[in-house]
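These are the residues of each chain, in order.
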Amino acid sequence: PDVIYNDVSDEKIKSNIIMENFKIYLLQGKYIKAEEICKNIDNNSIKDMIMNIAYETENICVYSFTQYMIQGTKKIYWIELAIDLMLHPYYQ
């Protein structure tokens, strides 16, 4: 049982590190680095991270990043996320 707990704990730590790095890159305008992190994360997790960062910081860089991703990927997912940011700025 301890090994399973350690694996879960390690995954949680890794997830927190990724989230913090993503947040730092996003808020510093380092969108290329933030985009690289997004490539390895599922869309629901990306949405959770972005909405939480938007709620915590109220920083325009969060919305600007979605615009950057719309321009670069042309994917509807990013358009929907940008709309969610505008409609639900206080995500929990």
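Quick caveat: nothing in here was measured; it's all calculated off a predicted structure.

Our next topic: the nonpolar core. By size, the foremost hydrophobic cluster in this structure holds 24 residues, and its most contacted members are Phe22, Leu26, Ile46, Ile50, Val62, Phe65 and Trp78. Only α1 (2-27), α2 (31-38), α3 (43-57), α4 (60-73) and α5 (76-87) provide two or more residues apiece to this core. Ranked by the residues each element gives to this core, the list is headed by α3, at 6 residues. Leave out the neighbours within four places in its chain, and leucine 26 touches Tyr31, Ala34, Ile53, Cys61, Val62 and Phe65.

Among the residues making up α2, those that are buried are Tyr31, Ala34, Glu35, Ile37 and Cys38. Projected down its long axis, α2 carries its buried residues within an arc of 155°, all on one side.

Conventions we followed
Residues numbered from 1 in each chain as written. Predicted model: local features only at pLDDT ≥ 70, side-chain atom pairs only at ≥ 80, totals over all residues. Heavy atoms only, no water. Core = buried A, V, L, I, M, F, W, Y, C linked by side-chain atoms within 4.5 Å. Buried < 20%, exposed > 50% of the residue type's maximum accessible area, 1.4 Å probe, protein only. Helix = DSSP H or I, 4+ residues; strand = E, 2+ residues; numbered from the N terminus. Contact = heavy atoms within 4.5 Å. Arc of directions from axis to C-beta.

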